[in-house]
Amino acid sequence: MCIIKLSEFRLTKVFQLAEGNSENILILAVETSCDETSAAVVENGRKIRSNIISSQIDIHKKFGGVVPEIASRKHVELIIPVIGQALEEASVSLDQADAIAVTYGPGLAGALLVGLSAAKALAFAAGKPLVGVHHIEGHIAANYLEHENLEPPFVCLVASGGHSHIVYVADYNRFEIMGQTRDDAAGEAFDKTARALGLGYPGGPLIDAQAKKGDPFAIDFPRVHFNDGSLDFSFSGLKTAVLNYLNSNAQKGIEISIPDVCASFQQAVVDVLVQNTIRAAELRGARKIALAGGVAANSQLRNCMKDAAEKIGADMFYPRPLLCTDNAAMIGAAAFYEYKRGNISGLDLNAVASLKLGTACG
């Protein structure tokens, strides 16, 4: 069990808010699930007072991907200065925060533990409630920061380097996974393909830029759909098809058009993401579709999903690119709705690297 008994004052405050109290609630949030050290102050789950992000991309770029041990050590260096800067930029003291929120999974175990340890220390020292947040729930909540009128229910595609999920958001705290990857996540496929093409890391933005100069139908790469009607994804075969194409042409001495490969690969990923998400929306009768996660910043995905949504009469929502990446503001937004429900974590809350969406911390 990780639910602790709050003070009578805190419980009263939570229940008053749940009943419609207009008092502003400030959440200090921490996010260290991968290679971004981030802290933010979020007001009422919708307004960003500050959102400090220290990225490690330049450090990991030479390795072609994130090295967990290096990421963890860098988080240790940065976590306290980043939290301090977030409070300073928001003009908020630690005492003024109503709760401390933190990502506790999924993610890299070592990286998660750094943020979790810092958040628990702050919560204990300041006598504040601790709110553990699921990373994917945070990505979904990024849309609330961008679109103040967006409310559940809606269907959300969460696509990033570690996740490819179609989630039916029934309520702020209720989620149904309608589809997910059975192997590589979409962002992971982008990174591996970019590495094979010698483009560098991270692969998503680099492939997107190259694809703008290429023909998306130049190469017929596979689109995987399952015969059982599942909305799950599989991108491992697509990645292998790209590698086979590159190797085959290299052996034959045929010149390869990198823009065409990027455009054709990207279109294959986008087609499956869009088709499955639209099917999910139709199955639930949803008239709102949202995007979240790093791949949600992809220009082709946004354009194709918007066109497909219009055809079924659904409205389209997605965050600005900065909020698609890992950041603490989205964790603060998600934590606000957990806090309203009285979902408070204990100081024994631990990092869960493979945490499933919908797993309660209590």
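Above this text you will find the structure in question.
1. Digging into the overall build of the protein
Right, on to step 1. When helices and strands are tallied, the protein shows twelve helices and ten strands.
Right, on to step 2. Taken along its principal axes, the extent of the C-alpha atoms in the protein is 75 × 45 × 35 Å.
Right, on to step 3. In the protein, buried positions account for 54% of the 362 residues.
Right, on to step 4. Restricting to contacts in the protein with at least 6 residues of sequence separation, those with at least 24 account for 74%.
Right, on to step 5. Here the protein displays about 15200 Å² of accessible surface, and carbon together with sulfur accounts for 51% of that area.
Right, on to step 6. Averaged over its 32 positive side-chain charges, the protein has a centre that lies 1 Å from the centre of its 39 negative ones.

2. Some words on the pattern of salt bridges
Right, on to step 1. Taken as a whole and assessed by the stated rule, the structure comprises 13 salt bridges.
Right, on to step 2. The salt bridge partner of D228 is R182, with a shortest N-O separation of 3.7 Å. Placement of the pair is D228 in the loop between α7 (203-211) and α8 (236-252) and R182 in the loop between β8 (174-180) and α6 (186-196), with a sequence separation of 46 residues.
Right, on to step 3. Residue classification places D228 among the exposed residues on the basis of a relative accessible area of 58%.
Right, on to step 4. For R182, a relative accessible area of 44% gives the class partly exposed.
Right, on to step 5. When salt bridges that share partners are traced, they join D184, E188, K192 and K239 into one network.

3. Quick look at the sheet that holds strand β9 (residues 288-292)
Whether parallel or antiparallel, the strands of a sheet pair through hydrogen bonds between backbone atoms.
Right, on to step 1. The five strands lie next to each other as β8-β7-β6-β9-β10, forming an open sheet whose pairing is mixed. Pairing within the sheet leaves two strands with one partner each, and these edge strands are β8 and β10 (315-317). Neighbour-to-neighbour, the strand axes of the sheet open up by a mean angle of 25°, direction not taken into account.
Right, on to step 2. Judged from the four bridges that link them, strand β6 (residues 154-159) and β9 form a sheet pairing that is parallel. Each residue of the ladder has a partner; that of L157, found in β9, is L291.
Right, on to step 3. Sitting on the sheet, helix α5 (residues 135-146) is in contact with β6, β7 (164-171), β8, β9 and β10, with an inclination near 120° to β6.

4. Quick word on the sheet that holds strand β2 (residues 36-43)
Right, on to step 1. Overall, mixed pairing links the five strands, which are arranged β3-β2-β1-β4-β5 in an open sheet. The open sheet has two edge strands with one neighbour each: β3 (47-55) and β5 (130-134). For this sheet, the mean angle separating the axes of adjacent strands, direction not counted, is 20°.
Right, on to step 2. Both strand β4 (residues 99-105) and β5 contribute to a ladder of five bridges, which runs parallel.

5. Quick word on the side chain of Q56
Right, on to step 1. Within the element layout of this structure, Q56 appears in the loop between β3 and α2 (57-61).
Right, on to step 2. Exposure remark for Q56: the relative accessible area of 0% places this residue in the buried category.
Right, on to step 3. In terms of polar contacts, Q56 uses its side chain to reach the side chain of H60, at 2.7 Å.
Right, on to step 4. Among the polar contacts made by the side chain of Q56, one reaches the main-chain carbonyl oxygen of A71 at a distance of 3.3 Å.
Right, on to step 5. Every residue in contact with Q56, bar those within four places of it in the chain, is listed here: D35, T37, I70, A71, K74 and H75.

Reading the values: the criteria
Residues numbered from 1 in each chain as written. Predicted model: local features only at pLDDT ≥ 70, side-chain atom pairs only at ≥ 80, totals over all residues. Heavy atoms only, no water. Helix = DSSP H or I, 4+ residues; strand = E, 2+ residues; numbered from the N terminus. Buried < 20%, exposed > 50% of the residue type's maximum accessible area, 1.4 Å probe, protein only. Contact = heavy atoms within 4.5 Å. Areas by Shrake-Rupley, 256 points an atom, 1.4 Å probe, with all protein chains shown as cover. Lys, Arg positive; Asp, Glu negative; His and termini not counted. Charge placed at Lys NZ, Arg CZ, Asp CG, Glu CD. Salt bridge = Lys/Arg side-chain N within 4 Å of Asp/Glu carboxyl O. Pairing = 2+ DSSP bridges. Axes fitted to C-alpha atoms, helices over the stretch in contact; angles between N-to-C directions. Polar contact = N/O pair within 3.5 Å; in protein donor to acceptor, adjacent residues only side chain to side chain.

In short, shape yes, function no, at least from these values alone.
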